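Descriptive structure summary
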Amino acid sequence: MLMPTVRRFSDTGSRWTVEDPDTLADRIRAHARHMTSAAGRAAREAEGVGAGAEEDRRASAFLGAALSSAEQVAAIFTTARPGRDRLVCSPAHYVIGPYAAAVAVGLLDRSALTEYGTDGSPVEAIGSERSPVVDYTCGSPGQGLSAAAGYALADRIHGRDARTFTLMCEEETAEGQVWEAARFTADHGLCNVTVVLDAPSAPAAPTAGTTPDPLAAPWRSFGWRTAQVDGHDPTAVREALAAALRETDGPTAVICRTSPGRRPEDGRHAGDGRQPGDGHA
């Protein structure tokens, strides 16, 4: 089994380019489908890379995370500075999206498509401390923002020009540790932290004069700036991230409303049964 070099977002020497973020989002969906599908399992078997039925079932269940967050991950890869900025993937099962993006831009070998979720592979279905691509991921939900705040504070102390993007999911907002970290981040004015929150079950943002948005209101109460966007609109997500990076007073949470039923066929490249080319997007 090929054990790919653990190359992470912020590692010196990490390089990639994104020519078309929309195409990258499509490739994320296509690769994630391959990683979790029967075709992916057949390829693993042909290469002698085995995974048990339970591992295959669990890996397939994580496809929805990639379909829901594809545009968000593509926007982060487009906005981040390779070899300098960091990516924290708070929910460990969401790591499939960064894996797929990394294959598309050439940061991770294509063998990851067949080794995902297999015994002994660092390309684990549930991310861990040895997972490639992301700088940090968590087994238990709700811990990623604490790590991001630690990175950001350390960068300030050491005078490093670095930003930390934190991919989170809506379910994590039920964890108390999230709000402890949110308060810490805002109290210390860590404007170099940006949360990208995948919210697949949230209703549309309330219009002016209606009741407060239940997702945005807690962040604002802790001193965060918030932006609420269609998480499947790549332009909207990128513009929200760009605005967050211009903030100098504190952190920003970008709340992305998405569909958990987003299908691979919704992408331009994902429905034709072929794998898009890689190396750049």
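Because the structure is predicted, anything quoted here is derived from the model rather than measured.

Right, let's talk about the packing of helix α7 (residues 144-157) against helix α8 (residues 176-187) for a bit. It is the contact of α7 with α8, at a shortest axis distance of 8 Å, that shows an interaxial angle of 20°. By the angle class used here, α7 and α8 are roughly parallel. Every pair of crossing elements has a handedness; the one defined by α7 and α8 is left-handed. In contact with Leu145, Ser146, Ala149 and Leu153 of α7, α8 contributes Gln177, Val178, Ala181, Ala182, Phe184 and Thr185.

For the rest of this paragraph, the subject is unusual backbone geometry. Of note in this structure, Val133 is not a glycine but carries a positive phi near 75°. With respect to the secondary-structure elements, Val133 resides in the loop between α6 (112-115) and β2 (136-138).

Moving on to the side chain of His232. Structurally, the position occupied by His232 is in the loop between β5 (225-230) and α10 (234-246). With relative accessibility at 12%, the residue His232 sits in the buried group. A polar atom in the side chain of His232 sits 3.0 Å from the backbone nitrogen of Ser259.

Grouped together as the largest cluster of nonpolar side chains are 53 residues, with contacts concentrated most on Trp16, Leu24, Ile28, Phe77, Tyr99 and Tyr116. With 10 residues, helix α4 (residues 63-79) is the single largest residue contributor to this core. Leu145, Val193, Leu215 and Trp219 belong to the second-largest nonpolar core, a separate cluster that totals 22 residues.

With that settled, the discussion passes to the confidence of the model for the chain. Here the chain shows a mean pLDDT of 84. Residues at 70 or above account for 78%. Note that pLDDT drops below 50 for residues 206-211; the model gives that stretch 3 contacts with residues more than four away or on any other chain. Low confidence marks residues 267-276, where pLDDT is under 50. Its contacts with residues over four positions away, or in another chain, come to 26 contacts.

Below, the discussion takes up the state of the cysteines. Here, disulfide denotes a covalent bond that connects the sulfur atoms of two cysteines. Enumeration according to the criterion identifies 0 disulfides in this entry. Considering cysteine sulfurs only, Cys138 is the nearest to Cys89, which forms no disulfide, with 8.4 Å between them. Assessed through its relative accessible area of 0%, Cys89 is described here as buried.

Scanning the entire structure with this criterion turns up 11 salt bridges. Ionic pairing is found between Arg86 and Asp155, a salt bridge with its closest N-O pair at 2.5 Å. On the criterion of sequence distance, the pair formed by Arg86 in strand β1 (residues 86-91) and Asp155 in helix α7 is long-range, its members being 69 residues apart. Neither residue differs from the other here; Arg86 and Asp155 are each classed as buried.

Thresholds applied
- Residues numbered from 1 in each chain as written.
- Predicted model: local features only at pLDDT ≥ 70, side-chain atom pairs only at ≥ 80, totals over all residues.
- Heavy atoms only, no water.
- Axes fitted to C-alpha atoms, helices over the stretch in contact; angles between N-to-C directions.
- Helix = DSSP H or I, 4+ residues; strand = E, 2+ residues; numbered from the N terminus.
- Parallel < 35°, antiparallel > 145°, perpendicular 65-115°, else oblique.
- Left-handed = near helix turned anticlockwise from the far one by under 90°.
- Contact = heavy atoms within 4.5 Å.
- Buried < 20%, exposed > 50% of the residue type's maximum accessible area, 1.4 Å probe, protein only.
- Polar contact = N/O pair within 3.5 Å; in protein donor to acceptor, adjacent residues only side chain to side chain.
- Core = buried A, V, L, I, M, F, W, Y, C linked by side-chain atoms within 4.5 Å.
- pLDDT = per-residue confidence, 0-100.
- Disulfide = S-S within 2.5 Å.
- Salt bridge = Lys/Arg side-chain N within 4 Å of Asp/Glu carboxyl O.

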